[in-house]
Amino acid sequence: MSKHDKQEMIVRHKLFDRICHWFIVAAGLVTFLTGFSFFYPSFQWMGAIAGTPQLAQFVHPVAGLMMCLPLMLMLVRYYKHNKWEKHDLAWMLAIKDVMFENEDKIPPIGHYNPGQKVLFRAFVLTSITLTVTGLIMWQPYFAPYFSATVVGWAIVLHAISALIMLIFVMVHFWMATWVEGSVTGMLYGKVSKAWCRKHHPVMLDEHSDVEKH
């Protein structure tokens, strides 16, 4: 691998997507802290981020929309990179080599690996569910238009979806920190060609094809 290849940078995340991502992180932090303070009595102290329990009740649904709506917009923008491709199955079958970083045995992948594509689908489903159920149970604006049974089911689904999303957020954080350079790419938008060649070689090939044309 040449020195030039190590130094030359290519765009992985555009500025709009990076701003959107970190905005979602900030809104999500407020949303999860205030949300857990409602559902679990022993976590009431988390609502202190809003100041008072009353303010937390007001802040939570607003922060939730500020998290989910940009997230869904970002997911739409990332859809083209998250389609299943023919080499994804081979990557998943080689998951042991992926975990132990046996790079010579790992099939080449594109912009995102299959694990990231699973996360993508989980975020799509949970963000839609959280938004719909959150609106149904939002007092005093929307909840009065639904029966107590509907609101009750919305609360249950909302809590389950929130837990599922939290689990996938932690997996996302682990994956991002596990692969050195991923967080830097989301901070500054660019990664080196050497990084791409190592972790996402098909993405680099596609980038080279675009440059040629």
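Sequence order as written defines the numbering, with residues in each chain counted from 1. Only residues with pLDDT of 70 or above have their local features reported here, since the model is predicted, and side-chain atom pairs are shown and tallied only from 80 upward, although totals for entire chains, interfaces and linings are computed over all residues. Side-chain metrics rest on all non-hydrogen atoms present in the structure, leaving aside hydrogens and water.

For the protein, the count of helices and strands is ten helices and two strands. Each helix and strand of the protein, placed in order from N terminus to C terminus, yields the pattern α-β-α-α-α-α-α-α-α-β-α-α. Overall size of the protein, expressed as C-alpha extent along the three principal axes, is 65 × 35 × 30 Å. Of all 213 residues assigned to the protein, the portion counted as buried reaches 39%. Contacts spanning at least 24 positions in sequence make up 71% of the contacts within the protein whose residues lie at least 6 apart. Only the protein chains shown count as cover for residues, and the accessible areas themselves come from Shrake-Rupley with a 1.4 Å probe. On the protein, roughly 13,000 Å² of surface is accessible, and the fraction owed to carbon and sulfur atoms is 70%. Positive residues here are Lys and Arg, negative ones are Asp and Glu, while His and the chain termini are left out of the count. Where a charge sits is defined by one atom per residue type, namely NZ (Lys), CZ (Arg), CG (Asp) or CD (Glu). Separation between the mean location of the 18 positive side-chain charges and that of the 14 negative ones in the protein comes to 4 Å. Put simply, DSSP H or I for four residues or longer makes a helix, DSSP E for two residues or longer makes a strand, and each gets a number counted from the N terminus. The rule is simple: take the accessible area with a 1.4 Å probe, protein chains only, and divide by the maximum for that residue type; under 20% is buried, over 50% is exposed, in between is partly exposed. In this analysis, two residues are considered to be in contact whenever any of their non-hydrogen atoms come within 4.5 Å of each other.

For the rest of this paragraph, the subject is the packing of helix 2 (residues 15–39) against helix 7 (residues 148–178). Helix packing geometry: the angle between the two helix axes and the distance between the axes. Note on definitions: angles span 0 to 180 degrees between N-to-C directions of axes, and those axes are lines fitted to C-alpha atoms, for helices only across the stretch in contact. Closest axis-to-axis distance for the helix 2/helix 7 pair is 11 Å, and the angle between their directions is 135°. As judged from the angle between their axes, helix 2 and helix 7 are oblique. Judged by the twist between their axes, the crossing of helix 2 over helix 7 is left-handed. Within the contact between the two elements, helix 2 uses His 21, Phe 32, Phe 36 and Phe 39 and helix 7 uses Ile 155, His 158, Ala 159, Ala 162, Leu 163, Met 165, Leu 166 and His 172. Residues of the contact of helix 2 with helix 7, tallied by class, amount to nine nonpolar, three polar and no charged. Each angle receives one of four descriptions, namely roughly parallel if under 35 degrees, roughly antiparallel if over 145, roughly perpendicular if within 65 to 115, and oblique otherwise. For a crossing to be left-handed, the near helix must be turned anticlockwise from the far one by less than a right angle; the clockwise case is right-handed. When residues are sorted by character, Ala, Val, Leu, Ile, Met, Phe, Trp, Tyr, Cys and Pro go into the nonpolar class, Asp, Glu, Lys and Arg into the charged class, and all the rest, Gly among them, into the polar class.

This paragraph deals with the UniProt feature "domain: Cytochrome b561 bacterial/Ni-hydrogenase" (unreviewed entry) in the protein. UniProt positions are given in the numbering used here, feature names are shortened, and annotations may be inferred rather than shown by experiment. When the UniProt feature table is mapped to this numbering, "domain: Cytochrome b561 bacterial/Ni-hydrogenase" (unreviewed entry) covers residues 12–181. In the segment residues 12–181, helix accounts for 68% and strand for 0%; the C-alpha atoms at its two ends are 11 Å apart.

The geometry of an aromatic ring pair is captured by two quantities: the separation of the ring centres and the angle between the planes. Stacked, tilted and edge-to-face are the three classes applied to pairs of Phe, Tyr and Trp rings, where Trp contributes its six-membered ring and a pair requires centres within 6.5 Å; stacked means planes under 30 degrees apart, edge-to-face means over 60, and tilted covers the rest. For the structure shown, the criterion picks out five aromatic pairs. Centroid distance Trp 138 to Tyr 141: 5.6 Å. Interplanar angle 80°. Geometry classified as edge-to-face. In this structure Trp 138 comes out as buried when scored by relative accessible area, which is 17%. Judged by its relative accessible area of 46%, Tyr 141 falls in the partly exposed class. Seen from their ring centres, Trp 138 and Phe 142 are 5.8 Å apart, and the 55° between their planes marks the pair as tilted. What makes Phe 142 partly exposed here is its relative accessible area of 36%.

Here the second largest pocket is characterised by a volume of approximately 600 Å³. Sorting the residues of the lining of the second largest pocket by element identifies helix 2, helix 3 (53–77), helix 6 (114–136) and helix 7 as the ones contributing at least two each. For cavity detection a 1 Å grid was placed over the protein atoms alone, and a set of points counts as a cavity when a 1.4 Å probe fits there but cannot get out; an open set counts as a pocket when protein lies on both sides within 12 Å along at least five of seven lines, with lining residues being those that have an atom within 4 Å of a point. Grid points are joined across faces, edges and corners, and a volume is the space filled by probe spheres set on the points.

Attention now moves to the UniProt feature "transmembrane region" (unreviewed entry) in the protein. Residues given the UniProt feature "transmembrane region" (unreviewed entry) here are residues 21–43, 55–76, 118–138 and 150–176. End C-alpha atoms of residues 55–76 are separated by 32 Å, and the span's content is 100% helix alongside 0% strand.

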